[in-house]
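# Examining the three-dimensional arrangement
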Amino acid sequence: MSWMKSIMLSKLALLFALSQSSQASIVKLSEEFLNKNSTVFQEKAKAQISLIEKDLILAKKTWGLEYSYLNNDNKLENSTTTFAVTGLETELHSIGLSKSFGWGGTLSLDNNMYSYKSTSNTYQFNQTLSYSQNLGKDFFGKQFYNTVNQYENLARQQESSSKNTIQSNLRTFALVLTQAQLQKGLYDLQVEAQKRASRRLSLIRKKVRDGLRERVDLLQAQTDLLKQKEQVEATDVSFNNQLENLVGYLERSVNASEISKLEIEAWEKMPKGNVSNNLSKAQLESFKKANELAYENSSRDYLPAVTLSASVKTNDYDMQRSETISNGKIGGDNKEVTVGLNLTWALGLETEKLEKAKARLNLETSKKLLAGKESSLDKMEQILRKNLKQLDKNIEFSKERLVLAQKTLKEYNRLYNRGRSDLDQVIRAEESLINTQVSHLRYLANRREVLFDLASLYGNLENYILGN
């Protein structure tokens, strides 16, 4: 019994190695597709660009420095002789520092240095510190933060959209690759069938020569061998066509040696996850959230724009530049304090009404799309699992038929060699074996397609294929 157990373990190890070889081929080429395909690169770039657009909104709230210089040499004649000053040259250096904040405030510090050159030099320096705060529709930055969150959700939407497109392309690529593996497996089956037909022809030729069989058997065996050769050529053409299809995805030539065949005993694991992680659903959720924020902002547009501002200005005149700057800074005695309130309110609000109506329609549309997607996901999962269950049954049946077909062919060969059956029965048994083998391989390919669809439904096809 120990030797039987050893044989069984060796067989299981061989089958596992074969399935691992098939999987390794998919993993290697799928990784190359994800890393080098230009369409995949474009989708990844779209997701990165959407994140940059969100950061651009925040980047606008930064410190700004402004400098200007003016020189005015005035030698015009003045008609007012009492205050006439001829030959006055004015030089102005202006430096401003400002910062706007997300909460709707703006802080600025302006510095102006004047130099008056005439019969004697005089200097003036003034400094102004001001702050303004939004208190109306953008109350303490409410609209700004809504806009930031809106762009953030649009970035998530684009990220989900890009991942979904990449996943869809990966699924198509993996299916083409599976078809290539299937055709290579079918090719090997037809080659084996051709070898059996060739051995059968050699045996019949000898029996005809010895007078044990009629010449018609020889002609029938020759016809069967030609038929098998045709099948080998047909599957070889189909395999090469699939290689050409792979070129469009890998964007390079593909060698037959890179493709492992789909094995008779190949086993595919079940994908993990659930429909809550569906990428289309995630995309619509982010889209809905972005539209909610846009609608909220459009509702706030009905409010007036209110700005409260306050400023402190100091200055000084002096014959010495350094004294002027020292005495004219904030904190000096010469100062001017200003407080103001500005209110702007559009009358009629026609534009605001139209914008709100548009935002409302966008929001309602996104709600409908999300609800429809959520309703269909569970049904799609049920259909895929039902198809998978049926395929598993068919695969088990085809395994049993394979064993029976092999035994049947072996028995007919034994009976034919003893003269107790005719060649037609042997050829029919051969065709039955080939058809069963082909059917079994196609079941395996169909099962893998359903597994890919199920993994795509769960939003984790890439991890499923790559084994992450």
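Relevant structure appears above.
Right, let's walk through the structure included here. What you are looking at is a predicted structure, and each value in this text was computed from that prediction instead of being measured.

## A short note on the packing of helix H3 (residues 142–209) against helix H7 (residues 350–417)
Viewed as axis vectors pointing N to C, H3 and H7 meet at an angle of 10 degrees, and their least axial separation amounts to 12 Å. By the angle class used here, H3 and H7 are roughly parallel. Side by side, H3 and H7 meet where Arg-196, Arg-200, Leu-203, Ile-204 and Lys-207 of the first sit next to Leu-409, Asn-413, Tyr-416 and Asn-417 of the second. The class makeup of the residues in the contact of H3 with H7 is 4 nonpolar, 2 polar and 3 charged.

## Focus: the sheet that holds strand S5 (residues 305–318)
Note on sheets: strands pair through backbone hydrogen bonds, and any given pair is parallel or antiparallel. A sheet is described by the order of its strands in space; here 6 strands give the open sequence S1-S2-S3-S4-S5-S6, paired in antiparallel fashion. Edge positions in the sheet fall to strand S1 (63–74) and strand S6 (335–344), since each of these pairs with one other strand and no more. Taking the axes of each pair of neighbouring strands and ignoring which way they run, one obtains an average angle of 15 degrees across the sheet. One ladder, built from 12 bridges, connects strand S4 (residues 121–134) with S5; its direction is antiparallel. When the bridges of S5 are listed, Phe-125 appears paired with Asp-316.

## Some remarks on the environment of Phe-101
Among the secondary structure elements, Phe-101 is positioned in the loop between strand S2 (88–100) and strand S3 (105–117). Ignoring sequence-local partners within four residues, the contact set of Phe-101 consists of Lys-61 and Leu-107.

## Structural notes on the pattern of salt bridges
Once their charged atoms are close, side chains differing in charge can pair, the charge on each being opposite to the other. All chains considered together, the criterion is met by 24 salt bridges. Ionic pairing is found between Arg-447 and Asp-392, a salt bridge with its closest N-O pair at 2.5 Å. You can see Arg-447 sitting in helix H8 (residues 423–457) and its partner Asp-392 sitting in helix H7, a full 55 residues away along the chain. By relative accessible area, which is 11% here, Arg-447 ends up buried. With a closest N to O distance of 3.7 Å, Lys-399 and Glu-396 form a salt bridge. Residue Lys-399 and its partner Glu-396 are located together in helix H7, separated by 3 residues, close to a single helical turn. Connected through shared salt-bridge partners, Arg-196, Arg-200, Asp-224 and Glu-430 make up one network.

## Quick notes on the pairing of S6
Counting buried positions along S6 gives 0 out of 10 residues, so the element sits mostly on the surface. Strand direction decides the pairing type here: S5 and S6, joined by 10 bridges, are antiparallel. Within S6, the residue paired with Ser-309 across the bridge is Gly-340.

## Points about the pairing of S3
Regular strands have side chains that alternate between both faces of the sheet. Where S2 meets S3, 12 bridges bridge the pair, whose relative direction is antiparallel. Each residue of the ladder has a partner; that of His-93, found in S3, is Met-113. Across 13 bridges, S3 lies against S4 in antiparallel orientation. Within S4, the position partnered with Thr-106 by the bridge is Ser-132. Here S3 folds back onto S4 in antiparallel fashion, the turn holding 3 residues.

## Comments concerning a nonpolar patch on the surface
On the surface, a nonpolar cluster with roughly 670 Å² of combined accessible area is contributed by Trp-63, Leu-65, Tyr-67, Tyr-69, Ile-95 and Leu-97. Listing elements by their share of the nonpolar patch, those giving two or more residues are S1 and S2. With respect to the element layout, Trp-63 can be found in strand S1.

Calculation rules
- Residues numbered from 1 in each chain as written.
- Predicted model: local features only at pLDDT ≥ 70, side-chain atom pairs only at ≥ 80, totals over all residues.
- Heavy atoms only, no water.
- Axes fitted to C-alpha atoms, helices over the stretch in contact; angles between N-to-C directions.
- Helix = DSSP H or I, 4+ residues; strand = E, 2+ residues; numbered from the N terminus.
- Parallel < 35°, antiparallel > 145°, perpendicular 65-115°, else oblique.
- Contact = heavy atoms within 4.5 Å.
- Nonpolar A, V, L, I, M, F, W, Y, C, P; charged D, E, K, R; others polar.
- Pairing = 2+ DSSP bridges.
- Salt bridge = Lys/Arg side-chain N within 4 Å of Asp/Glu carboxyl O.
- Buried < 20%, exposed > 50% of the residue type's maximum accessible area, 1.4 Å probe, protein only.
- Patch = residues over 30% accessible without salt bridge, like charges linked within 9 Å, V, L, I, M, F, W, Y side chains within 5 Å.
- Areas by Shrake-Rupley, 256 points an atom, 1.4 Å probe, with all protein chains shown as cover.

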